[in-house]
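Fold and geometry: a report
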Amino acid sequence: MQNITDITQEELQRATGIISRLSDYYGSKVVGQQYLGFSILVAMMTNGHILLESVPGLAKTTAAKVMTDAVNGKFSRIQCTPDLLPSDIIGTQTYNMATNSFEDKIGPVYANFVLLDEVNRSSAKTQSAMLEAMQEHEITIGGKGYKLPEVFVVIATQNPVEQEGTYVLSEAQLDRFLLKVNLSYPNTNQEIEILDRIEANVFSENHSVASVEDIIFLQKLTKKVYVDPAIKKYIVDIVQASRNTEFCLPPELSQYVSMGASTRAAISFMEVAKAVALINGRVFCTPDDVKTMSYSILRHRIGLNFSAMADGIKEETIIDAILGAVKTP
């Protein structure tokens, strides 16, 4: 069994300093959207991927770029369109007339932070091109494999599917995302502050407050955060409950669930709980760490039927009911 003292006080202090600098830098650039910044930080610490959903113009791209600048990482932005090809993302082979041979040309996916803007406007074939990269952290061009950077985070944005010209992401693609975050409009004071910051030209000077090596350090430290067997059992109980809602939820809610969460959801719960604990300055997980990002972990992994859409039932309602039904250790 892992010992809680595996993480030294010096390591914890260094981690706290890195996290604090990243959070402060994000707050100095982006108004509101604190949960978005928190989510990107968690994704960086777990080397996971995020799906952001909102109407255009709510700082999704800005937030991704700000966090990349904060660690001086390599940033790549891919604008998804219906005519985008898989080779436009992964790369392809080009013919070199001088050497009379084909050369592999790696696409924009080779970066620390890849922003897939409006991912649901690309075709299913193009969306599937990211599956290998997201899961295996490797791409294949002409039969040859290329390892992606050690820090590799995909931040995909999508417009609500009810808008025209969008393609719903498949369940397999959705499950690759550690988190799905839904963004809302800023309030009046926040919107005024946005205008003030634009007028003050806050984005004219960008500087790093950490490094990619610091993120690698955080990732290694996050893996060492202690998870008690009772917490693991709690995580599994939540995931199992999502698959057996007829036994733990009232019939008026369980009738809406068509698909429960996968085992990848349980893994995500554990990894996210470790990151949340470290952000809070602890070397062990609590039940609250598990519940902190439950919406973001489960909302894209629980399937609702047509009756739920007709009756206006949201995934968050089901998640709340599941968390209420599962006994907290």
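Residues numbered from 1 in each chain as written. Predicted model: local features only at pLDDT ≥ 70, side-chain atom pairs only at ≥ 80, totals over all residues. Heavy atoms only, no water.

1. Topic: the pattern of salt bridges
Going by this rule: Salt bridges are identified by distance alone: a Lys or Arg side-chain nitrogen within 4 Å of an Asp or Glu carboxyl oxygen. Each helix corresponds to a stretch of at least 4 residues labelled H or I by DSSP, and each strand to a stretch of at least 2 residues labelled E; elements are numbered beginning at the N terminus.
Taken as a whole and assessed by the stated rule, the structure comprises 14 salt bridges. In this structure, the salt-bridge partner of K180 is E53, at a minimum N-O distance of 3.3 Å. Here E53 lies in strand β1 (residues 50–53) and K180 lies in strand β9 (residues 179–182), a separation of 127 residues in the sequence. One network of salt bridges, with partners in common, ties together D175, R264 and R301.

2. Considerations on the packing of aromatic side chains
Inclusion rule: Between the rings of Phe, Tyr and Trp (Trp by its six-membered ring), a pair exists once the centres lie within 6.5 Å; its type follows the angle of the planes, with under 30 degrees stacked, over 60 edge-to-face, and the other angles tilted. Sitting over a ring, as applied to charges here, requires NZ of Lys or CZ of Arg to be within 6 Å of the ring centre and within 35 degrees of the ring normal.
For the coordinates displayed, the defined rule picks out one aromatic pair. Above the face of the F217 ring, R14 is positioned so that its terminal group lies 3.9 Å from the ring centre. The aromatic ring of F75 is capped on one face by K65, whose charged end is 5.5 Å from the ring centroid.

3. Re helix α1 (residues 9–29)
What counts is decided by this rule: Expected span of a helix: the number of residues minus one, times 1.5 Å. In this scheme, a residue with accessible area under 20% of its type's maximum is buried, one over 50% is exposed, and one in between is partly exposed, where area comes from a 1.4 Å probe on protein chains only. To obtain the arc, one takes the directions from the helix axis to the C-beta atoms. Contacts between residues were defined by any pair of non-hydrogen atoms, one from each residue, lying within 4.5 Å.
A rise of 1.5 Å per residue sets the reference length of α1, with its 21 residues, at 30 Å; its end C-alpha atoms lie 31 Å apart and thus fit the reference within 8%. Residues L12, A15, I18, I19, L22, Y25, Y26 and K29 constitute the buried set of α1. Down the axis of α1, the smallest arc covering the buried residues is 165°, so these residues share one side. Pointing more than 90 degrees away from the buried face of α1 are the exposed residues E10, Q13 and D24. Elements in contact with the buried residues of α1: α2 (34–46), α3 (60–70), α7 (188–199), α8 (212–223) and α12 (263–279).

So far we have only geometry, and geometry alone does not tell us how the molecule works.
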